[in-house]
Amino acid sequence: MPRPKILVVDDDPDLLRALRLRLRANNYEVTTASDGYAAIASAQKERPALIILDLGLPVGDGFVVLDRLQNSDALSGIPVIVLSARDPQNNEEKALKAGAAAFFQKPADNDELLNVIRVSLGPGTPQAAAAWPS
Amino acid sequence: MDNQTTNVLLIEDNPGDADLVRLRLVEGQSSVHVNCVNRLSEGLASLSLETPAVVLLDLNLPDSHGAETFRRIMEHSPNVPVVVLSGQDDEALAMKAVHQGVQDYLIKGNISSKQLERAIRYAVERQGLLRALDIAQKQQLEFKNQFLSHVSHELRTPLTCIHQYVTLILDGLAGPVAPEQADHLKTVLRSVNQLHAMIRDLLEATRAESGKLRVEPRCISLRELVQQAVSMLRPTADGKKIGLEIGLDQRLPLVHADPSRVLEVLINLLDNAIKFTPQDGSVVVKVCMVEADPGYVYISVSDSGRGIGPEAKALIFERLYQDPDSVDNSRAGLGLGLFISREIVRLHQGRIWVSSEPGQGSTFTFTLPIYSLAKLLAPVVTHEEHLRPSFVLVRVELAPLSSLPRGNWKDTWRQCLEILQHCVYLDKDLVLPPMGTSAASETLFVVASTDLQGSAVMTMRIREQMERLGNLKTKCTLTVTAIPVELQAQNPAPALELQIQDLADRVAQMIITTMERKQLGTRKGAQDSN
């Protein structure tokens, strides 16, 4: 079975590298983008199974990306998990209304994040939990 | 004053005095338009229509006397300067008015036009300055809060990076880690978590100060919450060899409070107690009722630390307060915990205080309102001093499908609660606050003042409205049921208060029965799946 592909969007290259390592160790294929425009282009080209999205991004912020994804027939089905440093009190509801499947504030707990990724990908995806050293 | 006309509202019931003041005003240099009324009610009506430059106010009017007069004017139009016109024998009262925010006073019968003109000009100027000061202070507070909220956001970004790489190494994803290295990394991680908590506190305190702290009260049992808080802090207490005990009253009523916020307060108090208690000491959490104050539950955290002096006691709940004698300055924190706790307790209409003697340990106590169904029901179940004829308990159960992420679920049931509020008549039906600490599945109740037939319309409306909510079916299953509340007719009918209490008791019993049945159901379900 092919490994599910996750698109990670964040403008901090160091964080992107860490998330890539973490997700690969959990049996996911990872592709990255560091601005809003690149995120949409990559989503169209790579057709990831899931997107992890920061909100504060150059060239079209996270809400613009959410909006574009929602308005595209081909991409609106991809679950999006928002991972942002912004205050959930002002942004969580807004992000969920804009189509996000979940909202995490940075720094997020790794186990919780991986759990929501697994749940959002739905049944039939490889059990990545086993590769998770505790 | 420039050449513009000054609008003066003169509130004076004595025609002679009014004419005299008007005359003095017209004699003056500047152009003045006087609107004269002789009752407070007319004055207030005029203020609602247009804002004068100044109000000249006699304190003794046909419809208001003394201090009441200026208080009502200032309450109505806090931004309009007021000059009191006082009799010679009333000067003390006029002085009092000045202390409470009136700009100036003049003694009637003794007013020259120069004096009057100057009093008005100064009153207008001073009021303008006060307003500017008030606006500047508000802007400053707003700026500070924005700055803090921006800073706490910016601090999160590098902190996330540190957190990610430390956990990557600790989890062995970057190669094998020697035990000693793992130990050091765990220390780093602890500090990261501490920094994270501080950033959170900073934002919380900012919210508290600008009135943006939110609480979502539910009907909860304190037993679970106390146990949860104690088990979270048990490792820290064990590390210092401090005994951590719980003392709960046998019969504790449910409280009306936000579980995550109460947990925050408990953790805060316990964390402080452990921090300031020496090795081999003890910390005790107690929850009890106090006879003299039956509307509240008392929660206290006592320690065997070195106690708090009277000076510190007065300041300890203030923002940024730090104990100057703290032995352990390296881990002192920001001094925001008790401030946030106080604000949380206050938002629940509770109280928080500390009692302590130096060397004798300290006890922090806070109160939370008990969940009184009778009190909540009273306004909707009665009509013209009589209990309404029939009631139905409507139960709306939302069970999330197992595949739904947690954050999403919270949002979904919140929307459902909102819809529910729109499906009832607010004057005769009541949506009860959500029950229990865990929102794993949500059962919402409505007490409806109607019979079973009437409730059928309501349950249909609820079902229709909720199903209209975007893809609710993919998120949870919805069950709506209605059960009539059986009330026994008593002859003669007891006092209304007792009837409401009886209704509340019956509703509570029905809810408890439903919830117990549901718990049995889920437990059974869990066993089946094992």
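Structural notes, computed from the coordinates. (Residues numbered from 1 in each chain as written. Chains lettered and ligands numbered in written order. Predicted model: local features only at pLDDT ≥ 70, side-chain atom pairs only at ≥ 80, totals over all residues.)

1. Focus: the overall build of chain B
Short version of the rule: Segments assigned H or I by DSSP are reported as helices when at least four residues long, segments assigned E as strands when at least two residues long, and all are numbered from the N terminus. Partly exposed residues are those falling between the two cut-offs: more than 12 but fewer than 20 other C-beta atoms within 10 Å of their own, whereas 20 or more means buried and 12 or fewer means exposed, with C-beta atoms placed from the backbone. Whether two residues are in contact is decided by their C-beta atoms, placed from the backbone, lying within 7 Å.
Tallying secondary structure elements over chain B gives 14 helices and 18 strands in all. Taken over 530 residues, chain B has a buried fraction of 29%. Of all intrachain contacts in chain B linking residues separated by at least 6 positions in sequence, the fraction that spans at least 24 positions is 70%.

2. Comments concerning the sheet that holds strand E15 (residues 392-400) of chain B
Neighbouring strands of a sheet are bound in pairs by backbone hydrogen bonds; such pairs are parallel or else antiparallel. Residues and elements named next belong to chain B. Formally: The rule for pairing is simple: two strands pair if DSSP sees at least two bridges between them. Orientation is described by axes fitted as lines to C-alpha atoms, over the contacting stretch for helices, and by angles from 0 to 180 degrees between their N-to-C directions.
Pairing is antiparallel across the open sheet formed by four strands, whose spatial order is E16-E17-E15-E18. The two strands at the open ends of the sheet, each matched to only one other strand, are strand E16 (429-431) and strand E18 (476-484). The mean inter-strand angle of the sheet, taken between neighbouring strand axes irrespective of direction, is 15°. Relative to strand E17 (residues 442-448), E15 is paired through seven bridges, and the arrangement is antiparallel. Among the inter-strand pairings, Glu397 is bridged to a residue of E17, identified as Thr443. Across the face of the sheet, helix H13 (residues 452-468) comes into contact with E15, E17 and E18 while running at roughly 170° to E18.

3. Observations concerning the interface of chain A and chain B
Under the convention used in this document: Under the convention adopted here, Pro, Cys and the residues Ala, Val, Leu, Ile, Met, Phe, Trp and Tyr are nonpolar, Asp, Glu, Lys and Arg are charged, and Gly plus all remaining residues are polar.
Counting from both sides, the interface comprises 24 residues of chain A and, opposite them, 22 residues of chain B. Breaking the side of chain A that touches chain B down by element, the ones donating at least two residues are helix H1 (13-25), helix H4 (88-97), strand E5 (102-105) and helix H5 (110-121) of chain A. Element by element, the count of residues in the side of chain A that touches chain B is highest for H1 of chain A, at seven residues. Residue composition of the side of chain A that touches chain B, grouped by class: 14 nonpolar, three polar and seven charged.

4. Looking at the sheet that holds strand E3 (residues 50-53) of chain A
Residue and element names in this part refer to chain A. Read across the open sheet, the five strands follow the order E2-E1-E3-E4-E5; overall the sheet is parallel. Looking at strand neighbours, the two that pair on one side only are strand E2 (29-33) and E5, the edges of this open sheet. Strand-to-strand, the axes of this sheet are offset by a mean angle of 20°, without reference to chain direction. Note that strand E1 (residues 5-9) and E3 share four bridges and pair parallel. Within E3, the residue paired with Val9 across the bridge is Leu53.

5. Looking at the environment of Lys375 of chain B
Residue and element names in this part refer to chain B. In this fold, Lys375 is placed in helix H11 (residues 373-381). Given 15 C-beta atoms within 10 Å, Lys375 falls into the partly exposed group. Placed 126 residues apart in sequence, Lys375 and Gln501 show a C-alpha to C-alpha distance of 8.7 Å.

6. A word on unusual backbone geometry
Cis peptide bonds are those with omega within 30 degrees of zero, and the linkage from Lys106 of chain A to Pro107 of chain A qualifies with -10°. One can find Pro107 of chain A in the loop between E5 and H5. Although it is not a glycine, Asp280 of chain B adopts a positive phi angle of roughly 70°.

7. Comments concerning helix H7 (residues 222-239) of chain B
All names here are of chain B. Convention followed: An expected span of 1.5 Å times one less than the residue number is assigned to each helix.
Counted at 1.5 Å a residue, the expected span for H7 with its 18 residues is 26 Å, and the 26 Å between its end C-alpha atoms agrees. Within the span of H7, buried status applies to Leu222, Leu225, Val226, Ala229, Leu233 and Ala237. In the stretch just after H7, Lys241 is the one whose phi turns positive, near 55°.

8. Re the environment of Asp87 of chain A
Here Asp87 of chain A lies in the loop between strand E4 (80-84) and H4. Note: C-alpha distance between Asp87 of chain A and Lys106 of chain A (19 residues apart in sequence) is 9.5 Å. Setting aside anything within four residues of it in sequence, one finds Asp87 of chain A in contact with Ser149, His153 and Leu203 of chain B.

9. Focus: the packing of helix H6 (residues 179-209) of chain B against helix H10 (residues 337-347) of chain B
Residues and elements named next belong to chain B. For clarity, the cut-off: An angle below 35 degrees is read as roughly parallel, one above 145 as roughly antiparallel, one from 65 to 115 as roughly perpendicular, and any other as oblique. Helix crossings fall into two classes, left-handed where the near helix is turned counterclockwise from the far one by less than a right angle and right-handed where it is turned clockwise.
Where H6 contacts H10, the two axes come as close as 10 Å, and the packing angle between them is 45°. One element, H6, and the other, H10, form an angle in the oblique class. Along this stretch, H6 crosses H10, giving a crossing that reads as left-handed. Only Gly337, Phe339, Ile340 and Glu343 of H10 make contact with H6, whose side of the interface consists of Asp201, Glu204, Ala205 and Ala208. Looking at the contact of H6 with H10 residue by residue, the classes come out as four nonpolar, one polar and three charged.

10. Notes on the packing of helix H8 (residues 259-275) of chain B against H10 of chain B
All names here are of chain B. Axis separation between H8 and H10 bottoms out at 10 Å; the angle between their running directions is 145°. For the pair H8 and H10, the sense of crossing is left-handed. Across from Arg261, Glu264, Val265, Asn268, Leu269 and Asn272 in H8, the residues of H10 making contact are Gly337, Ser341, Ile344 and Val345. Here the residues of the contact of H8 with H10 are counted per class, giving four nonpolar, four polar and two charged.

11. Observations regarding the environment of Ala456 of chain B
All names here are of chain B. Within the secondary structure, Ala456 sits in helix H13. Accessibility expressed as a C-beta count within 10 Å gives 13 for Ala456, which makes it partly exposed. Residues Ala456 and Val394 lie 62 residues apart in sequence; the distance between their C-alpha atoms is 9.7 Å.

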